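Now for the letters of each chain:
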Amino acid sequence: MRKHKLIPLLILIITFVPSILMAQAVEKNSLLLTLKYYNDNNVTHHLMVLAKSKIDGKFQTVPNIPVKFYISSDADKANLIGTGKTDDRGQAVIEIPPSAKSEWLKSPNQNFVVVGEATKKFDEGRGELAITKAKIKVDTAEGRIIQAKIVALVDTTWTPIAGVDVIVGVKRLGGILNANETQTYPTDSSGAVTAEFKRDSLPGDQKGNIILVASVVDNDNYGNLTSELVVPWGTKSVYMTNFDHRSLFARRGHSPLWLELLAYSIVVAVWSVIIFLLVQIKNLKKLGVE
Amino acid sequence: MEKLAENKIIEDLLPQKFGKQGQIWVVCLLAVCALGCYAYCRQLYYGLEVTALRDYASWGIYISNFVFFVAISLVGSLITAVLRLTDVHWSTPLTRIAEIIAVSAISFAGLIIIVDMGRPDRFYNLFTHGRLQSPIIWDVIVITTYLFISLLLLYFPLLPDLKIMIGFKERNGKWLQKLYEFLGSFWKNKPEQFKITDKAINILSVTIIPVAFAIHTVTSWLFATTYRPGWDSTNFGAYFISGAFLVGAGGVLIAMYVFRTHYKLEKYITDDHFDKMSKVVVLLALVYLYFNINEFLVPAFKMKKSEEEHLMGLFTGEFSPIFWFAISASMLVPILILIFKKGRKPKWAFFAGILVVVGSWFKRFLIVTPTLLHPFLPMHDVPKSYTTYIPTWEEWAIAGGSLAGALLVITFFARIFPIIPIHETIIETDSHEKA
C-alpha cells in the first residue's frame, strides 16, 4: 500500500527534474561580441571588442567577460595576440603586438577573431572582423587648408581610395571640432579631401598649437583610421591661476588684506586691554609693598 | 554691632571643608572623569574608530558638548558684566558663581575640541597651518581671549577676599595659606588699590561683552558658513547667543540652589534672588523661543526640497522625540513653571534650571548631528553605519567625563575660595544698613 503511494511521486520527479535542469541551462544568455579595428596615426594599431547581451528584452553591455584576441584565425593558438576582460562599459582593448608582424604582412586583407569565454551567466561568444589595410594622412596647404589622403593596400601597392567619408577637424577635449561648417568629406578619385580651416582665435596651447585630425570612423572595409598633425593655428593660451591671489578661499597667508587688518586690529585691541590689566596687577603689587 | 555683622558674614562665607555629601560628590565626579580618561586612552590607541563618527556624521556629541560648554560660559558676561554695567546690585552674590561656571566651561570647551580632533599631537598644526579666513581659527583666538578675560574677572574681585582669608591661617592649613598668599598677599585694602581694581573690573565688564558675543557668534559661524540644510541661516549668531544666555542662566539657577542648600547660604542667596533670576530665565527663554520659531517655522513654511528631509526628521522623523523634548524642556516647561510666583521659589526654580540645562544640551546635539546625516546629495553605496549616528560608550564616557570635569573645577573652586564675594557683601550690607 505504501509503495503504491510513492509511485506517482517518482513519476513526477522523473518527469520534471530533467526539464528543470534544462530550464536552468537555457537561462544562460548568449554573448554578442563586436570587434573593431583602429589605426592610430599610422603608428599603432589596436583592437576593441564590445560585449553585449540581450537582458530583460534590451541589449546591454556586459562587464567582466574574459576575451581572447586572435589574428587571422582562432584555429591556431599561435595566432593569439592578446587577452583581456571587458570593463564596466563592456569593452576590452588590446594593442596589436609586434609579434603579430609576420602574420600581418602576409596579405593586404586581414582577419581578426575575438572569443569570449563562457561564464556562469553567459555562453561563449565569438566575433570576427575582416579589414583591408589602409592608412590616412593629414597635411596642410597654404592659406590654412587642411588636406587628408587615404590609401589602401591593393596587392602590394598603396592605392588611393575614392568615396570614403572622412571627418576633418580639430582635436579638442572630448571630441573633434569641425574645421568649418562641414564635418564629413568624401574622398575624390585621388583619395583626398580638402577643408578650409575657418576657426579664428581657437585656443591652442601655450605656443598656440592645435591638433588637426582626419578620421575615418567605423568603415566597413577599413575600420577606424586616424591621423593627427600639430599646427600653430590657435591662439596662445596664457596660464591663469589665482593660487597666489588673496581671497577668502585662498591658502594660509593669503587672506584678504581687509580681513587681516580687521582681525589683527581686534586681536591687538583686546589683548592690549588684557596686557594693560596685567600691568595693573603689577601696580597693585607695588602699592602693596609700599 | 557692625563688626559683629561683618564677622558673621565672613564666618558664613568662608570656604568650608567637604562634608560627607561633598566627599561622595567629589568621588563620583572623579570616577566619571576616570572612566572618561580610560575611554579617551582607548580612543588615542585605536583612533576615532572607537567612536560612531563616520564620513557623514563627522561631528557628534563631542562638538555638541563643545557648543554646550561655549554656550554656558556666556553666563559670566551676563551676570557679571551686563548686570554690573546696568547697575543691578541684586546679582552681587551670584557674580562669582557665574564667573567660575564661565571659566570651567570655557576650559573644557577647549579640551573637548582637542578630544574631537582624534590626533591631539597635531593640535599645533592649527597654529602653524591655520588660515585666518577660517572660523575655526577665530574660535581658537576668541576662546583663548575669553578664558583670559574671565580669569581676570574672577581674580580682581577676589583680591579683597584673599586678604580676609589670609587672616585665617590656622583654619586654612599650610597649602591653602600658601596659595592665598601667592595670589593676594600684596593686597592691603588701600584706597588706591580699590581704585585700580574698580577701574579694572569696569574695563573688563565692558570688554567681556563683545568678546562673549564674538565667542558664540564665531561658534555659530562654524556651522552657518557651511552650506548645509539646517545650518544655512543668517539667524545663527543671534540664535546661538540667545540660547547661550538661557542655558547659562539655567546653570546659575542650579548652582544657586546647590550652594544655598549645601553651604546654608539662605541669608545670602535669598528667595528674592531666585525670583529675580527666574524672571531673567523666563525672559531669555522667550527670546530663545522667538529665535527658534524663526529658525524652524520659516524654512518649514517654504519646505524647500533639499531641506525637507532634515526638517521632517526633526518634526516627525527619527529625531522628533529629542527635538520636542529639547524644545519643551529648555523653553516651554521652564516658562510655564517660572512664570508663576510659586514656580520662582528655590525648589521649582532649581527644577526648571535642570530642565533648561538638560534640554539645552540635547538642543546642541540637534543643531550639530541631524544636519550632517541629511546632506544635499543623497547617500549612496555607503555602509549602514554611515547613515545613522548612535554614540558609542567611549563617546558617552568622554562627554560625561568632560561634564564631570567642569563640575569638579567648580566644586574645588568652592572649596578653596568663597563662592559669594565676602568683601562686596560686607560693603553692600553696610550701605544697605546706612541707607
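Residues numbered from 1 in each chain as written. Chains lettered and ligands numbered in written order. Predicted model: local features only at pLDDT ≥ 70, side-chain atom pairs only at ≥ 80, totals over all residues. Heavy atoms only, no water.

**A short note on the overall build of chain B**
Then, number 1: The secondary structure content of chain B amounts to 18 helices and 0 strands.
Then, number 2: Taken over C-alpha atoms, the radius of gyration comes to 23 Å for chain B, in line with the 22 Å a tight globule of 435 residues would show.
Then, number 3: Per-residue burial for chain B yields a buried fraction of 55% across its 435 residues.
Then, number 4: For chain B, contacts bridging at least 24 residues in sequence account for 82% of all contacts bridging at least 6.
Then, number 5: Per element, the accessible surface of chain B, about 19700 Å² overall, is 68% carbon and sulfur.
Then, number 6: Within chain B, one finds 39 positive and 33 negative side-chain charges whose respective centroids are separated by 5 Å. (Helix = DSSP H or I, 4+ residues; strand = E, 2+ residues; numbered from the N terminus. Rg over C-alpha atoms; globule rule 2.2 N^0.38 Å. Buried < 20%, exposed > 50% of the residue type's maximum accessible area, 1.4 Å probe, protein only. Contact = heavy atoms within 4.5 Å. Areas by Shrake-Rupley, 256 points an atom, 1.4 Å probe, with all protein chains shown as cover. Lys, Arg positive; Asp, Glu negative; His and termini not counted. Charge placed at Lys NZ, Arg CZ, Asp CG, Glu CD.)

**Things to note about the interface of chain A and chain B**
Reports often express the size of an interface as the amount of accessible area lost when the parts come together.
Then, number 1: Tallying the contact residues gives 29 residues for chain A and 31 residues for chain B.
Then, number 2: Sorting the residues of chain A by area buried against chain B places Arg 252, Leu 277 and Leu 284 of chain A first, and these three jointly supply 28% of that buried surface.
Then, number 3: Here chain A is connected to chain B by 0 salt bridges.
Then, number 4: Between the two partners, chain A and chain B, sit 10 residue pairs in polar contact (both at pLDDT 80 or more).
Then, number 5: Here the side of chain A that touches chain B is composed, by residue class, of 18 nonpolar, 6 polar and 5 charged. (Buried area = accessible area lost by both parts, 1.4 Å probe. Salt bridge = Lys/Arg side-chain N within 4 Å of Asp/Glu carboxyl O. Polar contact = N/O pair within 3.5 Å; in protein donor to acceptor, adjacent residues only side chain to side chain. Nonpolar A, V, L, I, M, F, W, Y, C, P; charged D, E, K, R; others polar.)

**Let's talk about the packing of aromatic side chains**
Residue and element names in this part refer to chain B.
Then, number 1: Under the criterion given, the structure shown has 40 aromatic pairs over all chains.
Then, number 2: Arranged with centres 5.0 Å apart and planes meeting at 90°, the rings of Trp 187 and Phe 194 form a pair that is edge-to-face.
Then, number 3: When its relative accessible area of 0% is taken as the criterion, Trp 187 is described as buried.
Then, number 4: Where Phe 223 meets Trp 231, the ring centres are 4.9 Å apart and the plane angle is 70°; that geometry is what we call edge-to-face. (Phe/Tyr/Trp six-rings, centres within 6.5 Å; stacked < 30°, edge-to-face > 60°.)

**Structural notes on unusual backbone geometry**
Residues and elements named next belong to chain A.
Then, number 1: Positive phi outside glycine occurs at Asn 64, with the angle close to 60°.
Then, number 2: Residue Asp 155 is not a glycine yet carries a positive backbone phi of 55°.
Then, number 3: Residue Asp 155 is classed as exposed on the basis of its relative accessible area, which comes to 60%.

**Looking at the side chain of Thr 371 of chain B**
Then, number 1: Structurally, Thr 371 of chain B is set in helix α16 (residues 346-372).
Then, number 2: Ignoring any residue separated from it by four or fewer positions in sequence, one finds Thr 371 of chain B in contact with Arg 228, Pro 229, Gly 230, Trp 231 and His 310 of chain B.

**Examining the packing of helix α3 (residues 61-73) of chain B against helix α12 (residues 236-262) of chain B**
Residue and element names in this part refer to chain B.
Then, number 1: The contact between α3 and α12 brings their axes to 7 Å, and the two run at 75°. In terms of axis orientation, α3 runs roughly perpendicular to α12. Side by side, α3 and α12 meet where Val 67, Phe 68, Ala 71 and Ile 72 of the first sit next to Phe 240, Ala 244, Val 247, Gly 248 and Gly 251 of the second.
Then, number 2: Residue classes in the contact of α3 with α12 are distributed as 7 nonpolar, 2 polar and no charged. (Axes fitted to C-alpha atoms, helices over the stretch in contact; angles between N-to-C directions. Parallel < 35°, antiparallel > 145°, perpendicular 65-115°, else oblique.)

**Description of the pairing of strand β16 (residues 210-219) of chain A**
Residues and elements named next belong to chain A.
Then, number 1: Bridge count for strand β12 (residues 165-172) against β16 is 4 bridges, and the pairing is antiparallel. Paired with Val 168 across the two strands is Ala 214, which belongs to β16.
Then, number 2: The pairing of β16 with strand β17 (residues 223-231) spans 8 bridges and is classified as antiparallel. Bridged to Ala 214 within β17 is Ser 227.
Then, number 3: Hairpin remark: β16 followed by β17, antiparallel, with 3 residues in the connecting loop. (Pairing = 2+ DSSP bridges.)

**Digging into the pairing of strand β15 (residues 192-196) of chain A**
Residue and element names in this part refer to chain A.
Then, number 1: Only one face of β15 is buried: it carries Val 193 and Ala 195, and the other face, with Ala 192, Thr 194 and Glu 196, is open.
Then, number 2: In terms of strand pairing, strand β10 (residues 145-154) meets β15 through 5 bridges, oriented antiparallel. Following the sheet pairing, Gln 147 is matched in β15 by Thr 194.

**Brief notes about helix α4 (residues 75-85) of chain B**
Residues and elements named next belong to chain B.
Then, number 1: The element α4 is extensively covered by neighbouring structure, given that 8 of its 11 residues are classed as buried.
Then, number 2: Lining the buried residues of α4 we find α3, α5 (95-117), α7 (135-155), α11 (191-224), α12 and α13 (271-302).
Then, number 3: A positive phi of about 60° marks Asp 87, the residue just after α4.

**Some details on the sheet that holds strand β4 (residues 66-71) of chain A**
Residue and element names in this part refer to chain A.
Then, number 1: Sheet architecture is open: 4 strands sit in the order β5-β4-β7-β8, paired in antiparallel fashion. Whereas interior strands pair on both sides, the edge strands pair on one side only; in this sheet they are β5 (80-85) and β8 (125-132). Strand-to-strand twist of the sheet, defined as the mean angle between neighbouring strand axes without regard to direction, takes the value 20°.

**Quick look at the domain arrangement of chain A**
Then, number 1: As assigned here, chain A comprises domain 1 (32-132), domain 2 (134-231) and domain 3 (246-284).
Then, number 2: Using C-alpha coordinates to define each centre, domain 2 of chain A is positioned 65 Å away from domain 3 of chain A. (Domains from an automatic or database assignment.)

**Focus on the environment of Arg 42 of chain B**
All names here are of chain B.
Then, number 1: Here Arg 42 lies in helix α2 (residues 20-46).
Then, number 2: On the accessibility criterion, Arg 42 (24% relative accessible area) is partly exposed.
Then, number 3: Distance from Arg 42 to Glu 394, taken between C-alpha atoms, is 7.9 Å for residues 352 residues apart in sequence.
Then, number 4: Other than its neighbours up to four places away in sequence, Arg 42 contacts Gly 47, Val 50, Trp 393 and Glu 394.

**What to know about the side chain of Lys 133 of chain A**
Residues and elements named next belong to chain A.
Then, number 1: In this fold, Lys 133 is placed in the loop between β8 and β9 (134-141).
Then, number 2: Buried and unpaired, Lys 133 has Glu 103 as its nearest opposite-charge partner, separated by 9.0 Å.
Then, number 3: A distance of 2.4 Å separates the side chain of Lys 133 from the backbone oxygen of Ser 107, its partner in a polar contact.
Then, number 4: The contacts of Lys 133, once residues within four sequence positions are left out, are Trp 104, Leu 105, Ser 107, Pro 108, Gln 110, Ala 152, Leu 153 and Trp 158.

**Brief notes about helix α14 (residues 305-315) of chain B**
Then, number 1: Buried within α14 of chain B we find Glu 307, His 310, Leu 311, Gly 313, Leu 314 and Phe 315 of chain B.
Then, number 2: Looking at the buried side of α14 of chain B, the elements it contacts are α13, α15 (320-338) and α16 of chain B.

**Considering the environment of Leu 212 of chain A**
Then, number 1: With respect to the helices, strands and loops of the structure, Leu 212 of chain A is situated in strand β16.
Then, number 2: Other than its neighbours up to four places away in sequence, Leu 212 of chain A contacts Val 138, Thr 140, Ile 146, Gly 169, Val 170, Phe 197, Ser 227, Glu 228, Leu 229, Val 231 and Trp 233 of chain A.

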